[in-house]
Amino acid sequence: MIGLTLTILDLGMILVMLYMADESNKENERQAVIVSLLGASFHVTLMYVIIYLPGLRLIPIGYFSLLGVVGLLFLIPRKPNLLALKGVRGYVIGDAPRPDERDSVTRRYKLVTGTPEYHEYYGRHSEREEVDRIHRKLNRIDGTIDGGYRPNVAMIDASFSIPPHMKGIAFAEPKKEPYDITPEKTTMIAKGLAKHLGAKVVGVCKVDSLCVYTNQRTSWEKIWTVDGKEQDYPPYALVMATEMSHTHVHAGPHTPTAAETGNQYANGSYISTVMAYWFSGMGYTGIAEHTGHYDVVLPPLAVQAGMGEIGRNGYLITPTLGSRVRLSAVLTDMPLVVDDPIDIAGEEFCDNCMKCAYTCPSDSIPTSEKTEYNGTLKWKVEAETCSAYWNQVGTDCAICMAICPYSKPDTPLHGVIRWIVNHSWLAPKVFPAMDDLLYGKDWKVKPVPEWLDWK
Ligand code: SF4
Ligand code: SF4
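Fair warning: this is a prediction, and the values are worked out from it, not measured in the lab. (Residues numbered from 1 in each chain as written. Chains lettered and ligands numbered in written order. Predicted model: local features only at pLDDT ≥ 70, side-chain atom pairs only at ≥ 80, totals over all residues.)

A. Up close: the domain arrangement of the chain. Along its sequence, the chain is organised into domain 1 (2-75) and domain 2 (82-420). When each unit is reduced to the centre of its C-alpha atoms, the spacing between domain 1 and domain 2 is 43 Å. At the interface, four residues of domain 1 touch four residues of domain 2. Class assignment of the residues belonging to the side of domain 1 that touches domain 2 gives a composition of two nonpolar, no polar and two charged. (Domains from an automatic or database assignment. Contact = placed C-beta atoms within 7 Å. Nonpolar A, V, L, I, M, F, W, Y, C, P; charged D, E, K, R; others polar.)

Have a look at this one:
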């Protein structure tokens with residue numbers, strides 16, 4: 001009986017290891033393939049001991065007993081992260097001002113010397129003028145790292161050219177009288193349409209003022225202000241995430257990654273614009289929020305909409321695709337049913353992981369605990385040094401997005417791992433080390449299909 005039990009357990013382990021090797025092979029993860037095959041070989045040897053060397057049965061008995069104890073430890077449930085469950089407000093510890101889009105580096109670099117906007121901004125931030133002047137000169141996504149390989153750079157330019165066209169049609173006024181429908185049904189239809197259009201993760205929230213810009217970079221105007229008076233912005237947001245291809249982002253910091261960034265920004269601008277006009281057709285306002293037109297900061301808005309947590313790398317970490325997403329949204333006054341912020345053990349995992357911080361080529365990601373920035377506890381990614389690296393390589397890098405353990409493909413295997421991390425007390429503590437063992441600590445650029453290959 002003991003022999004049969006040990007045989008079944010060991011056979012199960014061999015099958016699990018072979019399944020992991022096969023999945024890892026499909027994902028081009030050579031180290032994980034080797035570790036899984038070594039694990040399978042170990043269990044084949046153990047099978048030999050179980051079947052042919054009954055005198056040595058204490059070895060497999062001891063091994064599986066140890067495995068059982070570890071398994072039981074993994075069953076200890078994790079305490080919920082009450083701060084994460086409060087969304088962005090959970091981390092506010094001081095006077096947190098609304099964000100100002102004019103402060104974003106990519107927006108600052110677009111300032112033209114001598115214009116009133118230029119003088120106004122650097123009058124308030126003289127400390128940034130010199131460093132911005134240097135980066136402004138270099139600011140470009142021209143694929144320097146790949147010798148400016150034209151086919152991929154043309155892909156980047158082509159997709160990034162779409163959102164600016166959508167900017168002029170971002171605002172959709174109500175076309176008709178409001179349609180009589182419950183918020184539940186509206187929400188169900190809106191989420192279904194957004195997913196049909198290509199969004200992979202969709203959530204709804206009330207628009208928190210902490211996510212709303214005071215000033216826009218394009219018009220330099222105060223937004224939600226008319227004749228000096230604060231106006232109400234639409235109360236609801238439908239937030240959407242499209243998936244960045246795993247293959248593309250694993251080529252970072254090379255040109256395929258930037259091509260996919262542009263592609264997903266273009267998709268986001270299309271989806272959010274269609275959704276804005278759908279709300280308009282339903283008799284309400286719809287405002288498309290995408291890289292060509294932002295009134296709001298999208299990652300914290302997505303946190304409010306229950307789509308994930310913000311990781312150490314500064315990106316949203318979603319439960320199924322990790323950081324491998326690009327965001328867009330629609331603001332509307334059509335009543336919707338909101339989602340609650342979620343806790344996916346992201347903060348605890350990031351506390352024990354730091355993979356993005358160790359592999360960031362510009363050391364822009366902190367290895368410390370969260371610290372206060374503008375009244376909010378956060379991991380503050382240094383946008384200036386990050387964008388300086390982008391300028392150096394001529395792409396948008398994205399190594400920190402790709403290397404994140406949460407960004408693995410949305411397969412049943414990784415789904416099980418994510419579920420365990422989310423529920424187990426032990427998993428967020430030890431899985432970062434297991435990720436290093438299986439996938440390596442260092443960043444490795446993976447091969448791309450021939451049509452994307454710049455070499
Ligand atoms: S995009 Fe690259 S340079 Fe910027 S923070 Fe991430 S890893 Fe660092
Ligand atoms: S790589 Fe690790 S530390 Fe960085 S965001 Fe992902 S889980 Fe957090």
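B. How the structure looks around the site of ligand 2. Lining the immediate surroundings of ligand 2 are 13 residues, of which Gly311, Cys350, Cys353, Cys356 and Cys404 lie closest. When residues of the shell around ligand 2 are traced back to their parent elements, those giving at least two are helix 14 (346-353) and helix 15 (355-359). When residues in the shell around ligand 2 are grouped by element, the largest group, three residues, is from helix 14. Class assignment for the residues of the shell around ligand 2 results in nine nonpolar, two polar and two charged. (Near = placed C-beta within 6 Å. Helix = DSSP H or I, 4+ residues; strand = E, 2+ residues; numbered from the N terminus.)

C. Quick peek at the site of ligand 1. If you check the shell around ligand 1, you find Cys360, Pro361, Ser362, Ser364, Ile365, Val381, Cys386, Tyr389, Cys397, Ala398, Ile399 and Cys400 and nothing else. Elements that contribute at least two residues to the shell around ligand 1 include exactly helix 16 (383-393) and helix 17 (399-402). Of the residues contributing to the shell around ligand 1, the split by class is ten nonpolar, two polar and no charged.

D. Region of the structure containing helix 19 (residues 427-439). Between its first and last C-alpha atoms helix 19 spans 17 Å; for 13 residues at 1.5 Å apiece the expected length is 18 Å, and the two agree. Contact partners of the buried residues in helix 19: helix 2 (30-52), helix 3 (58-74), helix 14 and helix 18 (412-423). One or two positions beyond helix 19, positive phi appears at Gly440, with a value near 90 degrees. (Expected span 1.5 Å × (residues − 1).)

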